[in-house]
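# Survey of secondary and tertiary structure
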Amino acid sequence: MSGAYTHRPVLLEEAIQGLAIRPDGVYVDGTLGRGGHSEAIVRGLTAGGRLLCIDRDSQALEEGRARLAPWAGQITFLHGNFGDLAALLDGAGVERVDGMLFDLGVSSPQLDDPARGFSYQADAPLDMRMDQGETLTAWTVVNQWPRQELRRVLAQYGEERYAAAIAAAIERARAAGPIETTGALVEIIRGALPAAALREKQHPAKRSFQGIRIAVNDELTAISRMLQAPFPG
Ligand SMILES: C[S@@+](CC[C@H](N)C(=O)[O-])C[C@H]1O[C@@H](n2cnc3c(N)ncnc32)[C@H](O)[C@@H]1O
């Protein structure tokens, strides 16, 4: 395989073992990302097997299509939210599946591209959308959501114990003008944290960025929508 694909997917062996792939079975990768899990699944299929690869990020689908081109005949790529799984599978004419895999979170290409605005390590516009066709961005959450909502997102999704102080600091800062970049947000978060929190090993903005990312992408709603819908199989 090309050097571009040397990145090791999370828990690859365990995930593939857990799927106990039937060579002629039908499988779903609900979070294609850079396609590492999908490649391992499709390698376990014969020509009679089928894999459906879903991602809400059209860039991921484009790259996945290129990476998985040798198995194109067995794969269907679907742009969408796995929260709509039942409808996506219906649209693809799939009535039953033998196994599904979901590798939740941000992909390395999303994190590594500063322009996507997911990373607290690079200065970029506040975006954080996994699906760039969606309208809600981190800019809106940070600049327009009420302080109490911000506090909830930081506490509930980011598990940030200083959520109240950070939300208050964001509200103060944006009163002087919009917060435009991830770098500006990191500085506001730093300024709101006590010295002890700044000495922690993990980056001081890690929890807040996680909370805002989950709010922007509605990740928890997608999971519960998917779990409530009847699965084929
Ligand atoms: C951690 S990465 C997956 C990595 C992948 N397993 C691999 O081997 O490279 C997660 C991917 O899931 C996608 N994603 C997250 N939430 C989603 C959702 N609700 N519906 C569809 N795709 C989603 C993201 O865009 C991202 O590309």
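Counting of residues starts from 1 at the beginning of each chain's written sequence and follows it residue by residue. Only residues with pLDDT of 70 or above have their local features reported here, since the model is predicted, and side-chain atom pairs are shown and tallied only from 80 upward, although totals for entire chains, interfaces and linings are computed over all residues.

On to the site of the ligand. Whether a residue is near a molecule or strand depends on its C-beta atom, placed from the backbone, lying within 6 Å of it. In the vicinity of the ligand, 21 residues are found, and the nearest of them are Pro9, Thr31, Gly33, Gly36 and Asp103. Each helix is a run of H or I in the DSSP string that is no shorter than four residues. Each strand is a run of E no shorter than two, and both are numbered from the N terminus. For the shell around the ligand, the elements supplying multiple residues, two or more each, are helix H2 (36-43), strand E2 (50-55) and helix H12 (219-228). By the convention adopted, Pro, Cys, Tyr, Trp, Phe, Met, Ile, Leu, Val and Ala count as nonpolar, Lys, Arg, Asp and Glu as charged, and the other residues, Gly among them, as polar. The class makeup of the residues in the shell around the ligand is six nonpolar, nine polar and six charged.

We define a nonpolar core as a collection of buried residues of the types Ala, Val, Leu, Ile, Met, Phe, Trp, Tyr and Cys that are connected via C-beta atoms lying within 7 Å of each other. Buried means a residue has 20 or more other C-beta atoms within 10 Å of its own C-beta, exposed means 12 or fewer, and partly exposed covers the counts in between; C-beta atoms are placed from the backbone. Judged by nonpolar contacts, the single largest core of 25 residues is most densely connected at Ala138, Val141, Val142, Ile166, Ile189 and Ile212. Per-element accounting of this core gives the leading share, five residues, to helix H9 (residues 182-192). Those residues within four positions of isoleucine 212 in sequence are excluded, and the remaining contacts are Met128, Ala138, Val141, Val142 and Val153. Throughout, a residue-residue contact means that the two C-beta atoms, derived from backbone geometry, are no farther apart than 7 Å.

We now examine the sheet that holds strand E4 (residues 99-101). The sheet built from four strands is open, its strands ordered E3-E2-E1-E4 with parallel pairing. Since the sheet does not close on itself, it has two edges, and those belong to strand E3 (75-79) and E4, each with one partner. Between one strand and the next, the sheet's axes are offset by a mean angle of 15°, whatever the strand orientation. DSSP calls a pair of strands paired once it identifies at least 2 bridges connecting them. The pairing of E2 with E3 spans five bridges and is classified as parallel. Bridged to aspartate 55 within E3 is histidine 79. What counts as an axis is a line fitted to C-alpha atoms, over the stretch in contact for a helix, and the angles between N-to-C directions run from 0 to 180 degrees.

Our focus in this paragraph is the packing of helix H7 (residues 147-157) against helix H11 (residues 206-217). Packing of H7 against H11 leaves a shortest axis separation of 8 Å and a crossing angle of 110°. With respect to each other, H7 and H11 are oriented roughly perpendicular. Here H7 contributes Val153, Leu154 and Tyr157 to the contact with H11, which in turn contributes Ser208, Gln210, Gly211, Ile212, Ile214 and Ala215. Classifying every residue of the contact of H7 with H11 gives six nonpolar, three polar and no charged. Roughly parallel refers to an angle under 35 degrees, roughly antiparallel to one over 145, roughly perpendicular to one between 65 and 115, and oblique to any angle outside these ranges.

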